[in-house]
Amino acid sequence: MTMKPIFALTLALLISTPLAAQNTDHGEPVGDGGEVETAFQQDAGEEAGGLTGSTTDESDWQDLGIAIPAFATDRDRATPASTDGTAALGREISRVITANLRNNGLFQPVGPDALPSPTFAQITSPAWGNWSGRGAEMLVHGYVSARDDDRLVVGCYLYDVVLKDELIREGWVVRPADWRRAAHKCSDLIYARLTGEDPFFDSRIAYIAETGPKDNRVKRLAVMDSDGANHRFLTLGSATALTPRYSPDYSQILYLSYVDGNPRIYVYDIGSGRQTLVTENRNPTLAPRWSPDGRHILYSMAVAGNTDIYRVPVTGGQSVRLTDTPGIDIGGSYSPDGRKIVFESDRSGSQQCYVMNADGSNQRRISFFGGRCATPEWSPRGDQIAFTRISGDFNIAVMTPSGGSLRVLTNGWQDEAPTWAPNGRIIQFFRTERNSGRSSLWQVDLTGRNERRLPTPVDASDPAWGPIRP
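Notes on the structure in this doc start here. Everything numeric in this text was worked out from a predicted model, so none of it was measured.

### Considering the state of the cysteines
Then, in step 1: In the structure shown here, the tally under the stated rule is two disulfides.
Then, in step 2: Each disulfide pairs two cysteine sulfurs, and for Cys156 the partner residue is Cys186, the sulfurs being separated by 2.0 Å. Across the S-S bond linking Cys156 and Cys186, the dihedral sits near 55°, which makes this disulfide right-handed. In this pair, Cys156 is assigned in strand S6 (residues 152–160) and Cys186 in helix H3 (residues 179–195), connecting sequence segments 30 residues apart.

### Description of the packing of aromatic side chains
Then, in step 1: Scanning the entire structure with this criterion turns up 14 aromatic pairs.
Then, in step 2: Residues Tyr191 and Phe200 carry aromatic rings whose centres are separated by 5.4 Å and whose planes lie at 85° to one another, so their mutual orientation is edge-to-face. The pair Tyr191 / Phe200 is uniform in exposure class, with both members buried.
Then, in step 3: Here Phe200 and Trp465 contribute two aromatic rings whose centre-to-centre distance is 6.1 Å and whose plane-to-plane angle is 85°, an arrangement assigned as edge-to-face. Of this pair, Phe200 sits in the loop between H3 and strand S8 (203–211) while Trp465 is found in strand S31 (residues 459–468), placing the two residues 265 residues apart along the sequence. Just as Phe200 is buried, Trp465 falls in that class too.
Then, in step 4: By way of ring pairs, the aromatic residues Phe40, Phe120, Trp128, Tyr143, Tyr157 and Tyr159 are connected into one cluster.
Then, in step 5: The aromatic ring of Tyr354 is capped on one face by Arg347, whose charged end is 4.8 Å from the ring centroid.
Then, in step 6: The side chain of Arg431 reaches across the aromatic face of Trp442, ending 4.4 Å from its centre.

### Quick word on the environment of Pro467
Then, in step 1: Structurally, Pro467 can be placed in strand S31.
Then, in step 2: Given the relative accessible area of 25%, Pro467 is considered partly exposed.

Rules of the game
Residues numbered from 1 in each chain as written. Predicted model: local features only at pLDDT ≥ 70, side-chain atom pairs only at ≥ 80, totals over all residues. Heavy atoms only, no water. Disulfide = S-S within 2.5 Å. Helix = DSSP H or I, 4+ residues; strand = E, 2+ residues; numbered from the N terminus. Phe/Tyr/Trp six-rings, centres within 6.5 Å; stacked < 30°, edge-to-face > 60°. Buried < 20%, exposed > 50% of the residue type's maximum accessible area, 1.4 Å probe, protein only. Lys NZ or Arg CZ within 6 Å of the ring centre and 35° of its normal.

Now the structure itself:
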């Protein structure tokens, strides 16, 4: 099978997709949960930091043993989060934290099912003798307490077993339905304290859920937690959805939909379920992306066989054309400071990556390493650009913004459409199986050694990793 360039496949889909006849494609509105209130945290004057290391040298981390026993409770009470009580819920929270840290590939956590359970009093005063002989260098303690208003208080403590010292602590008040968020917050606390890097577990992923035969795929907008839990379909599938992206403030999802029979850019409000039309025209429109400040949207539009990149205010209005060369310019992605845009173009005769200023000036090619360069996306740190490298197979690769230091991270048959974790350390993408056409979501870190599949209930493509949740 000969694989076409990604933008050619996308344009073909836009042209050939059946037009939807209905006026709406939404399911029931789904909110995104309540706010997480900080109950307590380590004093600001206390020393923090992390272990010595970098994103590509993790030898100080990967052998670090972390014991994560069941979170204790002051009084075992049934709650809307668990009819089995807060003790059972505490064990589930510990399991989520263990899975987060294990799947990250940096640590060697041992979860609650293989460890003794501490008492509530031992949470702030560990029984060190229980842990020093278990090979654990770090100890995570925590508790779950149910308030009379049904909200939960979850506390998280990280201890150094060797030094018998508390490293950091924090607590949160959450609604019963948001108990997993407390587990992710605790995971983030541990990860940030031990590595010195920004966290990413308390975030969400939008993607396109795919069902049906290969020649008649149903593509629905879906969201889930960073670990695949709390999965929700946001659209019904009667109109094709494509290329979702979270807004910088996490309140909206930008995506392409055929909801009224034409490919149009919509903004979906996560809290209310309402959608707003951003721009409308008779030409194929694709690849919408947010500006870092959330005020503008980049998109590509094909006019008379020529595709260029445009910018439009998120509130709608007049679009500004940023590229005007013959050929296909597509897939703009802003640098974190909003000053530059990376995009792909075939203006040189083959699909390559280019960088330009945010106003469209100073357009220059940055990929000169052989093969083709597609679907570039700037890292949240600003130091690297992830992209799909096409050289026989499709693989995920990274380079500097100037096009140097190429590193290929995956070796699948068809890996494409990278999207960054909020901390810029992990890249998610989708992988298509040879011959079957089945697709699934995968993650790889910047070492290229820690790769795993993310579970989804159906086939999946076009992932978009959102920021840390407020």
